[in-house]
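Examination of the molecular architecture
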Amino acid sequence: MNFVKELEWREMLHTSMPGVEEHLKEGMRSAYVGIDPTADSLHIGHLVSVMMLKHFQAAGHRPIALIGGATGMIGDPSGKSKERNLLDEETLRHNQESIKQQLARFLDFDSDAENAAKVVNNFDWMKDFSFLGFIRDVGKHITVNYMMAKDSVKKRLTAEDSEGMSFTEFTYQLVQGYDFLHLFNHEGCTLQMGGSDQWGNITTGTEMIRRIGNGKAFAITCPLITKSDGGKFGKTESGNIWLDADRTSPYVFYQFWMNVSDEDAAKYMRIFTLFSKDEIEELIKKHAEAPHLRALQSALAKDVTIRVHSEEDYNNAVAASNILFGKSTTQDLKKLSERDFLSIFEGVPQSDVDLSVIKDGLGIIELTAEKSDLFSSNGEARRMLKSNAVSLNKEKVDESKVVNSEDLLFGKYLILQKGKKNYYLISVS
RNA sequence: GGGGGGAUACUCAAGCGGCCAACGAGGACAGACUGUAAAUCUGUUGGUGUACACCUUCGCAGGUUCGAAUCCUGCUCCCCCCA
């Protein structure tokens with residue numbers, strides 16, 4: 001398999017340095033991508049980089065994931081990143097370990113294969129670097145002129161509404177560049193990959209390798225993932241979509257992919273799954289013939305959910321979705337066994353309410369806004385009710401609805417909906 | 001050190017003594033239409049109350065005024081130019 005060609009047809013190749021393809025053909029190579037360890041879980045925004053590593057390994061090369069313990073403290077001026085907080089080392093290690101676990105679902109770390117994946121943390125080689133040591137050994141070799149020419153820097157210096165740029169941020173590219181040099185020297189790593197916004201930072205690295213390491217290294221970037229409507233990829237109303245099941249339930253995770261627009265679905269298939277070109281084209285064709293069946297979204301959601309979570313989680317998510325999005329009614333809910341009922345709503349936000357509160361009747365507004373956090377204020381609850389957006393046990397209700405024990409399913413549950421897609425479970429005890 | 005500009009709700013961005021809970025745009029949420037899609041149309045987007053109303057909000061703290069996001073004083077932070 002030709003790694004570069006593979007990225008190309010998947011439209012995951014934005015820019016690459018001349019000669020990369022030949023370089024990779026010559027034998028096994030090592031490449032790395034950087035990952036911010038700001039949390040103990042990856043989110044789906046990270047997945048693109050992970051997939052690049054995956055393809056890289058599949059092509060017989062050796063992938064390295066670099067946890068940016070040091071760089072994460074600085075903040076990359078390429079993004080809109082605000083000031084970063086220093087993570088203490090304990091947290092850092094914890095995050096690193098958790099992230100590695102997640103990466104292991106995609107990459108082969110354990111086999112004896114020569115190209116087994118590896119995780120490194122730049123904190124390990126940066127923490128003991130003294131300031132003087134750094135400016136003497138590293139800073140000396142790169143001119144400010146060179147650094148200023150980077151888009152990420154230029155933008156910050158010239159923009160009219162610029163908020164300026166701290167020296168710390170300015171040096172970011174040196175620190176990241178040094179990572180590359182370090183990996184070049186210690187791991188024989190000759191390629192860095194990342195999002196297209198990383199191009200400038202990556203080339204500082206190859207430049208250092210050329211000047212300090214007297215070597216040749218390469219860069220490949222992929223396009224930043226967007227949504228067809230211009231929105232940010234991977235964000236929902238409730239925030240990031242995480243890989244960690246405790247942060248984002250498998251059900252919500254599955255739903256995220258099911259909800260992708262047609263236009264994006266084909267694109268995401270190429271990027272986030274390992275389906276072949278033919279298989280994807282076949283699915284696109286199938287989808288075009290019967291769009292309402294949403295072959296693309298289903299295949300995408302299935303593949304990614306199984307890979308990130310498990311077959312079982314996937315099956316549960318599908319079962320839940322069928323009930324939740326089918327034309328089911330209160331009757332259908334009642335027909336379920338309590339066990340099935342609970343497993344369906346497992347991934348749905350929940351809260352507990354005391355039976356005494358409800359027994360003698362409780363207004364729907366109070367229930368949704370005060371006794372649970374479906375809505376954040378009475379006003380919001382009232383507005384939503386006015387616009388006919390609220391359902392109780394799959395039936396639309398209005399402001400006058402008073403909830404009492406009659407409404408309980410299995411004698412202890414209430415299902416609330418905001419709009420079509422947002423479910424909320426209240427357990428009464 | 002000197003001079004100039006700025007800080008407004010999720011973001012951008014008006015307002016420059018009362019008609020301001022604050023124009024507009026984006027975003028977000030909801031409704032209709034659909035295919036749990038896109039596009040489109042409609043509504044909502046500080047809190048409490050059914051509502052005329054009231055309370056909290058325009059960097060922070062004071063002051064002037066019947067009345068301030070708007071004027072004054074001090075403070076904090078940011079940007080630009082000169083040294």
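Residues numbered from 1 in each chain as written. Chains lettered and ligands numbered in written order. Predicted model: local features only at pLDDT ≥ 70, side-chain atom pairs only at ≥ 80, totals over all residues. Heavy atoms only, no water.

The name given to chain A in an unreviewed UniProt entry is Tyrosine--tRNA ligase, with the source organism recorded as Acidiluteibacter ferrifornacis. According to its UniProt record, chain A has this under Catalytic activity (unreviewed entry): "tRNA(Tyr) + L-tyrosine + ATP = L-tyrosyl-tRNA(Tyr) + AMP + diphosphate + H(+)". Its UniProt record, at the heading Subcellular location (unreviewed entry), says of chain A: "Cytoplasm". (UniProt positions renumbered as here; feature names shortened; annotations may be inferred.)

Moving on, we come to the UniProt feature "domain: Tyrosine--tRNA ligase SYY-like C-terminal" (unreviewed entry) in chain A. Annotation from UniProt places "domain: Tyrosine--tRNA ligase SYY-like C-terminal" (unreviewed entry) at residues 343-426. Split by type, residues 343-426 is 27% helix and 29% strand. Its first and last C-alpha atoms lie 14 Å apart. (Helix = DSSP H or I, 4+ residues; strand = E, 2+ residues; numbered from the N terminus.)

Quick look at the packing of aromatic side chains now. Under the defined criterion, the tally for this structure stands at 21 aromatic pairs. Pairing Y254 with Y314 gives two aromatic rings, centres 5.9 Å apart and planes at 70 degrees, and the pair type is edge-to-face. Of this pair, Y254 sits in helix α12 (residues 250-258) while Y314 sits in helix α16 (residues 311-325), and the two are 60 residues apart along the sequence. Exposure remark for Y314: the relative accessible area of 14% places this residue in the buried category. Put simply, the rings of F233, F253, F256, W257, Y268 and F272 touch in pairs and so form one group of aromatic residues. When the ring centre of Y146 is taken as origin, the NZ or CZ atom of R211, which lies over that ring, is 5.8 Å away. Between R247 and the ring centre of W242, over which it is positioned, the NZ or CZ distance is 4.5 Å. (Phe/Tyr/Trp six-rings, centres within 6.5 Å; stacked < 30°, edge-to-face > 60°. Buried < 20%, exposed > 50% of the residue type's maximum accessible area, 1.4 Å probe, protein only. Lys NZ or Arg CZ within 6 Å of the ring centre and 35° of its normal.)

Moving on to the protein's contact with RNA strand B. The immediate surroundings of RNA strand B are formed by 30 residues, with Q255, N259, D262, K420 and N422 found nearest. When atoms of RNA strand B within 4 Å of the protein are split into backbone and base, the sugar-phosphate part holds 70%. S387 is positioned with one of its side-chain polar atoms (N or O) 3.1 Å from a sugar or linking oxygen of RNA strand B. At a separation of 2.7 Å, a phosphate oxygen of RNA strand B approaches a polar side-chain atom of N422. Broken down by element, the residue count for the surface near RNA strand B peaks at five residues, all from helix α21 (residues 378-386). Across the surface near RNA strand B, the residue classes break down as four nonpolar, 16 polar and 10 charged. (Near = heavy atom within 4 Å. Polar contact = N/O pair within 3.5 Å; in protein donor to acceptor, adjacent residues only side chain to side chain. Nonpolar A, V, L, I, M, F, W, Y, C, P; charged D, E, K, R; others polar.)

Turning next to the pattern of salt bridges. Within this structure, the stated rule accounts for 18 salt bridges. Among the salt bridges present, the one from D124 reaches R93, with a minimum N-O distance of 2.5 Å. Here D124, found in helix α5 (residues 123-126), pairs with R93, found in helix α4 (residues 89-103); they are 31 residues apart in sequence, far enough to count as distant. One network of salt bridges, with partners in common, ties together R62, K118 and E187. (Salt bridge = Lys/Arg side-chain N within 4 Å of Asp/Glu carboxyl O.)

On to unusual backbone geometry. Of note in the backbone geometry, R294 takes a positive phi value of approximately 55 degrees without being a glycine. Its location among the elements puts R294 in the loop between α14 (277-289) and α15 (295-308). Positioned with a positive phi, N388 is a non-glycine residue whose angle comes to about 65 degrees. Take N388: it is sitting in the loop between α21 and β11 (390-392).

Any two packed helices are characterised by the angle at which their axes cross and by the distance between the axes. Between helix α13 (residues 262-272) and α15, whose axes approach to 9 Å, the crossing angle comes to 35 degrees. The handedness of the crossing between α13 and α15 comes out as left-handed. Between α13 and α15, the contacting residues are D262, A265, A266, Y268, M269 and F272 on the first element and L296, Q297, A299, L300, D303, V304 and R307 on the second. Residues belonging to the contact of α13 with α15 are distributed by class as follows: nine nonpolar, one polar and three charged. (Axes fitted to C-alpha atoms, helices over the stretch in contact; angles between N-to-C directions. Left-handed = near helix turned anticlockwise from the far one by under 90°. Contact = heavy atoms within 4.5 Å.)

A rise of 1.5 Å per residue sets the reference length of α15, with its 14 residues, at 20 Å; its end C-alpha atoms lie 20 Å apart and thus fit the reference within 8%. Within α15, 10 of the 14 residues are buried, leaving the element largely enclosed by the surrounding structure. Among the residues of α15, A295, L296, Q297, A299, L300, A301, V304, T305, R307 and V308 are the ones counted as buried. Looking at the packing, one finds that the buried side of α15 touches α3 (47-58), α12, α13, α14 and α16. (Expected span 1.5 Å × (residues − 1).)

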